[in-house]
Amino acid sequence: KRICFLGDSITQGIGATHNSYSWWCAVAAENLGREYSFYDLGIGSARASDAASDAAWLKRAKDCDICVICLGTNDLLHGRSASDICRDLTRVVGILEERGISVIVQTAPPFEYPPSAAENCKKVNEYIKNTFFRCFDNTLFLCEGGDVAAPVYGGHPHDGGCAVWGENIALHIKEYLA
């Protein structure tokens, strides 16, 4: 199976040790094993609206069997509404599922959000948890007491936070590999 990780700079590995394989996607890939292939489609500053445009970036995900999506942080930081972000995520999932790709949508991860963005993040995350069958709530592992504006390991998680995240998402992904 081909598994891709579609996201922003957090998915790209910013925050983890440079030139290492310690960001959450690499940790997840290592935990899932060598019988799968992995494609990290993390791009700095990426937004859910970019993926929803169904252009070249999303086209790369269409060649995979499973797509793990982690988007929303940059949308939130640029003042986009929760309803716009939810609409874009729904479009992306629809486009991929139409191609027969299994999609796992992660909640928007904790970040040092300003108050209005934190409120929108909570709305987006509730939507994700209540809408998508395959969902992974990363906030259970990455923030303090459910406060999306209080990331335990930093907004761009360091190696320790990526290890926790990668190990836990790998366990979740394994449920869909059988």
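The model shown is predicted, which means the values in this text are computed figures rather than measured ones. (Residues numbered from 1 in each chain as written. Predicted model: local features only at pLDDT ≥ 70, side-chain atom pairs only at ≥ 80, totals over all residues. Heavy atoms only, no water.)

Caption draft 1: Highlighting empty space enclosed by the protein. All chains considered together, the criterion is met by one cavity of 30 Å³ or more. What the largest cavity holds in volume is close to 40 Å³. Lining the largest cavity are Ile10, Pro109, Pro110, Leu142, Pro151, Tyr153, Gly154, Gly155, Pro157 and Trp165. Partitioning the lining of the largest cavity into residue classes produces eight nonpolar, two polar and no charged. (1 Å grid on protein atoms, 1.4 Å probe; cavity = no way out; pocket = protein on both sides within 12 Å on 5 of 7 lines; lining within 4 Å. Points joined across faces, edges and corners; volume = space filled by probe spheres on them. Nonpolar A, V, L, I, M, F, W, Y, C, P; charged D, E, K, R; others polar.)

Caption draft 2: Layout of the pairing of strand β4 (residues 102-106). With four of its five residues buried, β4 lies for the most part within the structure. With two bridges connecting them, β4 and strand β5 (residues 135-136) associate as parallel partners. Residue pairing in the sheet places Val105 in a bridge with Cys135 of β5. (Buried < 20%, exposed > 50% of the residue type's maximum accessible area, 1.4 Å probe, protein only. Helix = DSSP H or I, 4+ residues; strand = E, 2+ residues; numbered from the N terminus. Pairing = 2+ DSSP bridges.)

Caption draft 3: Structural detail: helix α9 (residues 159-174). With 16 residues, α9 should cover 22 Å at 1.5 Å per step; its first-to-last C-alpha distance of 22 Å lies within 8% of that length. Looking only at α9, the buried set comprises Gly161, Cys162, Trp165, Gly166, Ile169, Ala170, His172 and Ile173. Down the axis of α9, the smallest arc covering the buried residues is 160°, so these residues share one side. (Expected span 1.5 Å × (residues − 1). Arc of directions from axis to C-beta.)

Caption draft 4: Representation of the nonpolar core. Core analysis: the largest hydrophobic core is formed by 60 residues, its most contacted members being Leu6, Trp24 and Ile69. The element contributing the most residues to this core is helix α6 (residues 82-98), with eight residues. Filtering out sequence-adjacent residues up to four positions away, Leu6 remains in contact with Thr11, Leu41, Ala51, Trp57, Leu58, Cys67, Val68, Ile69, Cys70, Leu71 and Val92. (Core = buried A, V, L, I, M, F, W, Y, C linked by side-chain atoms within 4.5 Å. Contact = heavy atoms within 4.5 Å.)

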